[in-house]
Structure formats: structure tokens, C-alpha cells
Amino acid sequence: MKFFINMKYTISHFLIVFFLGLNLMFAQTKISGHVFDVNNEPVSFANIVFKNSSEGCITNENGRFYLESDETWDAIVISFIGYETQEIALAKKVNYDLKIILKEEAAQLDAVVLVSGKQPKKNNPAIDILRKVWQHKRKNGLKQFKQYEFDKYEKVEFDINTIDSALIKSRLFKGMEFVFDQVDTSRVTGKTYLPMFINEAASTVYGDNLINKEKEVLKGNKNSGFSDNQVIIDFVDDLYSDFNVYDNYLKFFDKSFVSPLSRTGINTYNYVLSDSAFIDNKWCYNIIYYPRRKNELTFKGDFWVADTTYAIKDINLQATKSANINWVKEIYIEQEFEVLNDSLFLVKRDYMLSDFAFNKKEKSRGIYGKRTTLFNNYKFDIPKEKKFYDEEVYYYDKDVYDRDDAFWDKNRLEKLNKDERGVYKMLDTLKTVKKFKRLYNLGSILSSGYIEFNSLPLDYGPIFSTFGFNEVEGMRLRTGGRTYFGRNDIWRLEGFLAYGFKDNKFKYGISGKWLLDKKSRLIISGGNRRDVEQIGASLTTSTDVLGRSLASSSVVGTGSNDKLTNINLTSAAIEMEPWRNFVMRLGGNYRTLASASPTFSLDYFDGNGDIQSTVKQYETTFSMSYFPGRKMTGFGVERREANDDFPRVFAQISLGNKNMFNSDFDYTKLQFSYLQPWQIGGFGRLTSTIEVGKTIGEVPLGLLSVVPGNQSYFSIYNTFSQLDFYEFVTDTYASLHLEHNFNGRLFSRIPLLRKLNLREIVSVRGVWGDISDENRAINASGLLYQAPNDEIYWEYSLGVGNIFKIFRLDFNFRGNYLDNPGARKFGVTGTFGFHF
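Only a predicted model underlies this, so the values are computations on that prediction, with no experimental measurement involved.

*Asks:* Even after reading the chapter, I still don't get the overall build of the chain, so can you show me in this structure?
*Replies:* When helices and strands are counted, the chain shows ten helices and 44 strands. Every one of the 836 residues in the chain was classed for burial, and the buried ones make up 50%. Pairs at least 24 apart in sequence give 62% of the contacts found in the chain among residues at least 6 apart. Carbon and sulfur atoms make up 57% of the accessible area of the chain, which amounts to about 41100 Å² in all.

Here it is in C-alpha cells:
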């Protein structure tokens, strides 16, 4: 009897589970289509919802929409300002390519007040609610507490999208057809996609609002099998940086989008109070928003607001397709907030999808980059010592990257779906396919610049420095390499060999560095280089023994680049990072300098009045560098910067000593530089640099501070585009560089330019300098020293960027010193690169 009862319950449970499974398997509704008006014009930002539900979406600028649900629905409701609301019956669960026509009619709704056009700021209930959100935003979330901590789970995935028969049958995937077994459909765009990469990370985050510090401790990391995924993770983390929807501007892809919850939003968006309903037992209002103008960095979407706390319960943001951003066709963001009590709303889930593509055409193929972040187990007001937040993790813990399934079952806050689980198995198989290995290696070469030898711990490169040209060497060929066991190597050697076909001389360089202590990042380094170089290409001296300026090998320029120098440099240094992002370095270097060209001289008078052509000099240097806000990845002797939005402060003292190695001069050189990027809200990004320096003592031309000119046709930051090399020579200087990229803010408001998505750049540069009579007196180079001491030399540039998405042109104007021989009053320079 007992067996019968247990058997009955087992069968009952089986039947329940079976039918629930069938319901989950088949209870899914998918629809897509376009919404038009009676004139066959697309209706942008129309509201589409399943009837009697809060599940919906908004049409894009072309009137297109896609909507899916795990539930079964039999109708949708379409509404928009100034049009008659329509209800469309769904004949089946999957309905694609619907064409919906809305008839114009003044909307009369009891529960919804609709406002169109440029909205008045009064008598709009949606804006009234938005003002309440502003008033309460500081009372919601983690800022209520002194300290906080929570568990965080992050999942990053990359997919190829728009999978069709042409792609499946293409030669690219010949021999790898099995990967298409994992194809699925995106719930956001309705497009098919093939998962190609997945990374999971579980961590605990600690924060202290009193000292404004936060620290994230990684507990586990799992990825789909590539050997160097951290580069990909850093790329995604930099693009998908953390954000607060309450901020005025949300930064994505180094662009500042206007937040729909910002105080400036009412000048950028239109808002409509659309619905009200209970969500998690909280009465909430639903507000739809959409941009007033095209080609600006804006979103469309909706959000739900609690009626008493005026905290955001749910929000979705979808970037408009006309937004001035490159290589990204779609940006979609969802945030869900958890109600812990009547006054506390905390982020529970964050989802972001980006569609990377060469163009924004509807059917173009691209890559989905998806990040899902979940938060749980919040704890508050548990204080920790300040040093806890300042300490870094210095050692590479292999166990963190090799957690077992039990760990992930416990710490994975969201189960992987079938396709995500299949990615691990699929990529393990894919790595055994020779064709995939070749494609992966090609991508690695293009991204790093180095060719890897799997059988040896050596890389060849950088391949982009293979060819060069200048007046002295003519055509220059360069070969080089480095040791590479892995990204966390504690020591590294690198070197190069080059040959000039005009001077028929070999050049070489070798350097090495060794990380002695990971906690203090104590590093010793040294090397030697014999080369031809354009010295004076920057005011602040580089500490890289193998570093060589771009000006040393420009193929074409505005004039003859014959002011080159033969340099033989030997250096040794020790550095440490006693505090996070604060680096101290003590070094010594010995160099010989001599002209590399018969038309250029570094001659000087020695103490006996004789002319010398070679400078031999030993120099001791001590420098301090500070990078507040810098994020680094890796644990080895070389690390990678994970962000670029931090300031850089540098100070150095250099002491020349005649008593060391039979050197020629005694002097003291002081240098300081400060670079600061400024994100100016929706008006783009300003980069400023201040440099000052002073050389105390008598030194020849080769040791003076030359104001960096630019005789190439490339736009090079921190140089003066309208100056020739050695046009100004100083021993005391102060310079300022300002460059502001408006990111299309101005051009987007000009009708004829709006669709081109051009970006405007304005630059101003100035330098003041002086040179002592003593340094003039020992000059025997034949170069007439001139310093900009009568008045500050200045120039400015007006630039147009994003030409065909990759080119930038700068129109440079010289402000003064127009009477200098050969002064260039106007010039055009340019550059190219892939920018979002």
C-alpha cells in the first residue's frame, strides 16, 4: 500500500512537471512588424503592449518593433500621441512582419494625458511625477547607509547575429557547421544569433560612503576557453561601465547620453503618463519617453515609478538609431530594482545588449555584446578599516579561475539557459578545429601587434613598426620580439634590430624588466639602444629605453626632416608603487648624442673654447607619477590599463654629473606635467595638458627643451602643428594644450550635416619659454636659438571628425610669430582610427 501511494505521488509529480514543461516549452508569443500612418510614413516611438499586461515595447525611428513573452497572448494594443488606439488579434503564437496602420485622431483617454511636440513644463502629469523623482533620488539606494556590501554575479556574452543560410553555407564556416546547433532568437531584436563567447564572474563588493571608497573581491571566474580572455573582459567593462540611472548623463562607449531621469531630460525628451499598476505589491506609474530631436545621444523607452517613494522600480533604455555613435547599431538596457522596505529600492538586475555592426541597416550582420549583472545579499553598516579598501590583490590566484560546478551552483544568481550551457561544450570542440585556430591567431595578431609562437615563449613584433622612413635612413626595416610565457609574467625581455637602406647602418635595442615584489610592485629594469631619433619631439622626457617618437619615421611631411640625432642610450632603473596608482622611479642613464645628418649640427663650445660635436652625458633621474582613478588588470611585470578617463600627474628631477663616466655637463632639470580628461556632460570631452620645466646650468642643444613641432601630416596631440622642428629652443618653458571634442553636439542641429554624423573638435595650444645667455653662448650648432619669450606662441585648430567613421581632419592656424623664416600660417593634418 505504501509503495502504491508513493508511486501515485511520483506519477502525479511527474505529470505536473511534464505539463508544466510543455507549458513553458510552447507558451511563448513572438511578434514583429512595422507601424505606419495612413500616408505610409513610419510612426516612431509608438507603444506596443500585449493586451491586459504590462509587457510591451516601443517602435524605433523606422516604426519597427519586436516583442516576445514567455506567456501566451491573443492580442496586442498599439497607441501613440495623436492616433487612434488599435487592438490587433494574434492568430498564432508567432507573428512576424505585421504591418499596422494607425489612423490620426485626437486621443481622449480617461487615465492617460498625452502631450506631444515641445512639451510645456506645466500641466503634464508625467513631468510632475518626474519632479518627484528628482526630489527623492538621494533617499533611495545605497547612499542611505554608511557602509554596504553585496554579492555580484556578472555574465558577459558575445554572439554573431543575423544567422541565415548564406552565412551557414559560407566558406568561412566550412568544417565548423556544427556551431550552428546553438542558434537562438534575441528577445530584444528578434534576430537569430549564435553564441561565441561567455564569461562568468562572481564577486563581493564592499563600499564605504563616509570615505567614498569601494572594493570588489573576485571569488570565481569561468570562461568559454580562450587563453587570454581578460583583454575581452576589460574591453567590455570599459564599454559597459557602471552607471546610475539617476545621473544627468549616462556614459557608454565614451559618449555621454542624456538620462531620461535627469533634470536636463525635460529639454531633450517628451514624456507621457501611460499606465498604472501594482508591481511587487507597490502601486506604480508607467511613463513613456522619447527624444524630441534626431542624431543626438538619447534613448527611448519607459520606466515604472513607485507612487509614495518615487523610486524607479523598472526602467528600459534603447538608444535611438540616429544617435551619433559608430559601429553600434543597437543599445538596449534594462534595470530592475528590488523593494526591501517601504523606502529602500536597490538594483537587483542589470542587462545591457549592444549590436556592433559596420552599418545600421536593418538586415546587416553584426556582433551582440551582452552583459547581465545580478545583485543579492545586501548588508549594511558593517565598517571596515580604510586600509582594506586601499589594499590590492597582488597575486594571480589560479583557484579563482578553476572553481568547480558546486561553486557555480551556489554563486550563480541566474541559471544559464540551454544555449549558454552549450557554448562551453561547443567552444571546447571548436578549439580543436585548425581553421578556427588560424582565425583566432589572426585576430590575436591584429589586436596585440605580435605574432605568437606556440612552441616557444616568444612573440614576434610589433608588426606595425616593421616599415619606416626618414631623410637619414631612407627606407627602414625593423624586426623585433619579446619573451612571453603569459600575461602575468614576472619578467620580460624585448629587443629589435633595424636597418636603414640610405645610411646602410644597423640599429638595435634590448631591454629587460623584472618584478621583484608584487605587493609594492618593486621592479628593476635596464637596457641599451643605438638608433636614429628625432629628439625634442615632446617636452616631457620618456623613461622607455626602447621608446621612439612617431616623428622619427614619418613617411611624408611639410618639410625636410633632416634634424635627426644618432643616440646611444644605456639606462637602469628601479621603481615601486607604495600606494595604489602612485609610482616612484629612480634611474640612471648614459647617452651619447651626435648629429645623424650633414645638414644638421649639435655642435657646442666646451670649456676651452673648442668645438665639440658629440655630447656624452650621465644623468640621474627621480620621478613620481600619480594616476588617480586608474584601473589596472594583470599581476605581472607589465599590466594593462582598463580605463582611460583618469588624470596623469608626473614630476621629475634630473641631475647631470660631469664626474660620472667622463660626462660633459653639470645641470639640474625639473619637469612637471598634468593631463586631465574632462567629461562635460552632453557637450563632449575636453582634454587639457599643462607642462612646465626648468634646466639649471649650461647645456648644449642636445640637452635643451625643444618646443615640439610637427612636420608630419598627422595630428599628434601635445605637439604644435604649425611649428618646425627646433623652431623654438628653451631651457625654461610652460605650455598649455586644450582639445575639446563636442561629439557632434553642434553638427546634429544643422539639417544638412545631421545625417553625416560628423563631430566637431576645437583645439588651442600655447607655450611660453626662455633661454639663458649662458646657453646661447656655448651654441656652435649654427642654429639661431629663439624662444617664445616676447609673447606666448599660440595656435588653434578647427577639426572635423568621424569622416566615413574613421577619418579626422584638423585645420590648423598659427596665431603669431608669423615673421619667422618659413613660418607656416595654415596647415591641414589628419588622423584615422576606429572610435565609437
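Moving on from the model shown.
*Asks:* Teacher, can you tell me more about the packing of aromatic side chains here?
*Replies:* Geometry of an aromatic ring pair is reported as the spacing of the ring centres plus the angle between the planes. In this structure the tally under the stated criterion is 36 aromatic pairs. A ring pair is formed by Tyr-66 and Tyr-96, whose centres lie 6.5 Å apart and whose planes are at 40°; its orientation type is tilted. On the criterion of sequence distance, the pair formed by Tyr-66 in strand β4 (residues 64–69) and Tyr-96 in strand β7 (residues 94–102) is long-range, its members being 30 residues apart. Assessed through its relative accessible area of 6%, Tyr-66 is described here as buried.

*Asks:* For this particular structure, what's the right way to read a negative patch on the surface?
*Replies:* Negative charge collects at one region of the surface, where Asp-397, Asp-399, Asp-402, Asp-404, Asp-405 and Asp-409 lie side by side. Take Asp-397: it is sitting in the loop between α5 (386–390) and α6 (405–411). Owing to a relative accessible area of 37%, Asp-397 belongs among the partly exposed residues under this scheme.

*Asks:* Can you walk me through the pairing of strand β12 (residues 249–252) in this structure?
*Replies:* Moving residue by residue along a regular strand, the side chains alternate between the two faces of the sheet. Residues Leu-250 and Phe-252 point to one face of β12 and are all buried, whereas Tyr-249 and Lys-251, pointing to the other face, are not buried. In terms of strand pairing, β12 meets strand β13 (residues 255–258) through four bridges, oriented antiparallel. Directly across from Phe-252, in β13, lies its bridge partner Lys-255.

*Asks:* Hey, could you run me through the pattern of salt bridges in this one?
*Replies:* Charged atoms that come close allow side chains of opposite charge to pair. Inspection of the entire model under this criterion finds 37 salt bridges. We note a salt bridge from Lys-251 to Asp-645, for which the minimum N-O separation is 3.5 Å. One end of the pair, Lys-251, is in strand β12; the other, Asp-645, is in the loop between β34 (640–641) and β35 (648–656), with 394 residues separating them in the sequence. Using a relative accessible area of 26% as the deciding quantity, one classes Lys-251 as partly exposed. A salt bridge links Arg-585 to Glu-575; the shortest N-O distance between them is 3.8 Å. Taken as a pair, Arg-585 in strand β29 (residues 582–595) and Glu-575 in strand β28 (residues 565–579) lie far apart in primary sequence, ten residues in all.

*Asks:* Sorry if this is basic, but what is going on with the side chain of Thr-829 here?
*Replies:* Structurally, Thr-829 is set in strand β44 (residues 826–832). For Thr-829, a relative accessible area of 5% translates into the label buried. Side chain to side chain, Thr-829 and Ser-715 meet in a polar contact 2.8 Å long. Discounting chain neighbours no more than four positions away, the residues touching Thr-829 are Ser-712, Tyr-713, Phe-714, Ser-715, Ser-721, Arg-808, Leu-809, Asp-810 and Asn-812.

*Asks:* Mind showing me how you'd approach helix α2 (residues 125–136) here?
*Replies:* Residues three or four positions apart in an α-helix share a direction because the helix packs 3.6 residues into each turn. Relative to the 16 Å expected for twelve residues at 1.5 Å per residue, α2 spans 17 Å between its end C-alpha atoms, a close match to the ideal helical length. Listed in full, the buried residues belonging to α2 are Ala-126, Ile-127, Ile-129, Leu-130, Val-133 and Trp-134. Buried residues along α2 cover an arc of 155° about the axis, so they all sit on one side. Against the buried residues of α2 lie β14 (269–279), β15 (282–291), β16 (299–306) and β17 (312–319). Two or three places before Ala-126, at the opening of α2, Asn-124 has a side-chain oxygen 3.0 Å from that residue's backbone nitrogen.

*Asks:* Please explain the environment of Asn-488 as it appears in this structure.
*Replies:* Its place among the elements puts Asn-488 in the loop between β24 (474–483) and β25 (491–500). Looking at Asn-488, the relative accessible area reads 17%, which means it is buried. On a C-alpha basis, the gap between Asn-488 and Arg-639 in space is 7.9 Å, while along the polypeptide they are 151 residues apart. From its side chain, Asn-488 meets the backbone nitrogen of Phe-635 in a polar contact 2.8 Å long.

*Asks:* Just checking my understanding: could you explain the environment of Met-475 for this structure?
*Replies:* Within the element layout of this structure, Met-475 appears in strand β24. Given the relative accessible area of 42%, Met-475 is considered partly exposed. Separated by 24 residues in the primary sequence, Met-475 and Tyr-499 have C-alpha atoms spaced 8.4 Å apart. Residues contacting Met-475, with those up to four places away along its chain left out, are Phe-467, Gly-468, Phe-469, Tyr-499, Gly-500 and Phe-501.

*Asks:* Looking at this structure, how should I read the sheet that holds β7?
*Replies:* One key point about sheets: their strands pair by backbone hydrogen bonds, in either a parallel or an antiparallel sense. The mixed open sheet is built from three strands, whose spatial order is β4-β1-β7. Here the strands that pair on one side only, and so sit at the sheet edges, are β4 and β7. Taken pair by pair, the neighbouring strands of this sheet meet at an average axis angle of 25°, ignoring direction. Examined bridge by bridge, strand β1 (residues 29–37) and β7 share seven bridges and lie parallel to one another. Residue pairing for β7: Asp-37 is matched across the bridge by Leu-102.

*Asks:* Honestly, the sheet that holds strand β6 (residues 86–89) in this entry has me stumped. Any pointers?
*Replies:* A sheet is described by the order of its strands in space; here four strands give the open sequence β3-β2-β5-β6, paired in antiparallel fashion. Every other strand in the sheet has two partners, leaving β3 (56–58) and β6 as the edge strands with one partner each. With direction set aside, neighbouring strand axes in the sheet form an average angle of 20°. Bridging between strand β2 (residues 47–50) and β3 involves three bridges; their strand directions are antiparallel. Bridge assignment links Asn-47 to a residue of β3, and that residue is Ile-58.

*Asks:* In this structure, what is going on with the nonpolar core? I would like to understand it.
*Replies:* Soluble globular proteins tend to pack their nonpolar side chains together in the buried interior. Of all hydrophobic cores here, the largest spans 47 residues; its most connected members are Phe-252, Phe-257, Tyr-271, Phe-299, Phe-303, Ile-312 and Ile-331. By residue number, the principal contributor to this core is α2, which donates six residues. Core analysis: the next-biggest nonpolar cluster, separate from the first, contains 26 residues, Ile-567, Leu-593, Leu-701 and Leu-703 among them.

*Asks:* I would appreciate a short explanation of helix α7 (residues 418–430) in the present structure.
*Replies:* Counted at 1.5 Å a residue, the expected span for α7 with its 13 residues is 18 Å, and the 18 Å between its end C-alpha atoms agrees. Within α7 the residues assigned to the buried category are Asp-419, Glu-420, Gly-422, Val-423, Tyr-424, Met-426, Leu-427 and Leu-430.

*Asks:* Would you mind going over the side chain of Ser-601 with me for this structure?
*Replies:* Looking at the element boundaries, Ser-601 is found in the loop between β29 and β30 (604–605). Here Asp-603 takes part through its backbone nitrogen, which lies 3.0 Å from a polar atom of the side chain of Ser-601.

*Asks:* When you look at unusual backbone geometry in this model, what are you seeing that I'm missing?
*Replies:* Of note, the bond from Gly-461 into Pro-462 is cis; its omega dihedral lies within 30 degrees of zero at 0°. Looking at the element boundaries, Pro-462 is found in the loop between β22 (458–460) and β23 (467–470). The residue Asp-97 is not glycine, and still its phi comes out positive at about 60°. In the Ramachandran plot, Asn-504 falls in the positive-phi region, its phi being about 55° despite a non-glycine side chain. Position of Asn-504 among the secondary structure elements: in the loop between β25 and β26 (505–517).

*Asks:* Explain empty space enclosed by the protein to me, please; I cannot follow it from the model alone.
*Replies:* The gaps of empty space that remain are located by a probe, the size of a water molecule, rolled over the atoms. Under the definition given, this model contains two cavities of 30 Å³ or more. Space inside the largest cavity adds up to approximately 120 Å³. Along the wall of the largest cavity there are 13 residues; nearest its centre are Ser-256, Glu-296, Leu-297, Gly-682 and Arg-745. Approximately 40 Å³ is the volume attributed to the second largest cavity.

*Asks:* Can you walk me through the environment of Phe-742 in this structure?
*Replies:* Relative to the helices and strands, Phe-742 is located in the loop between β40 (732–741) and α9 (751–754). Through-space distance from the C-alpha of Phe-742 to that of Gly-684 is 4.3 Å; in sequence the pair is 58 residues apart.

*Asks:* Even after reading the chapter, I still don't get the pairing of β4, so can you show me in this structure?
*Replies:* Taken across its six residues, β4 has six buried, putting it largely inside the fold. Side-chain alternation along β4 places Arg-64, Tyr-66 and Glu-68 on one buried face and Phe-65, Leu-67 and Ser-69 on a second face that is also buried. In this structure, β1 lies alongside β4, joined through six bridges in antiparallel fashion. Each residue of the ladder has a partner; that of Thr-29, found in β4, is Ser-69.

Cut-offs and rules
- Residues numbered from 1 in each chain as written.
- Predicted model: local features only at pLDDT ≥ 70, side-chain atom pairs only at ≥ 80, totals over all residues.
- Heavy atoms only, no water.
- Helix = DSSP H or I, 4+ residues; strand = E, 2+ residues; numbered from the N terminus.
- Buried < 20%, exposed > 50% of the residue type's maximum accessible area, 1.4 Å probe, protein only.
- Contact = heavy atoms within 4.5 Å.
- Areas by Shrake-Rupley, 256 points an atom, 1.4 Å probe, with all protein chains shown as cover.
- Phe/Tyr/Trp six-rings, centres within 6.5 Å; stacked < 30°, edge-to-face > 60°.
- Patch = residues over 30% accessible without salt bridge, like charges linked within 9 Å, V, L, I, M, F, W, Y side chains within 5 Å.
- Salt bridge = Lys/Arg side-chain N within 4 Å of Asp/Glu carboxyl O.
- Lys, Arg positive; Asp, Glu negative; His and termini not counted.
- Charge placed at Lys NZ, Arg CZ, Asp CG, Glu CD.
- Pairing = 2+ DSSP bridges.
- Polar contact = N/O pair within 3.5 Å; in protein donor to acceptor, adjacent residues only side chain to side chain.
- Expected span 1.5 Å × (residues − 1).
- Arc of directions from axis to C-beta.
- Axes fitted to C-alpha atoms, helices over the stretch in contact; angles between N-to-C directions.
- Core = buried A, V, L, I, M, F, W, Y, C linked by side-chain atoms within 4.5 Å.
- 1 Å grid on protein atoms, 1.4 Å probe; cavity = no way out; pocket = protein on both sides within 12 Å on 5 of 7 lines; lining within 4 Å.
- Points joined across faces, edges and corners; volume = space filled by probe spheres on them.

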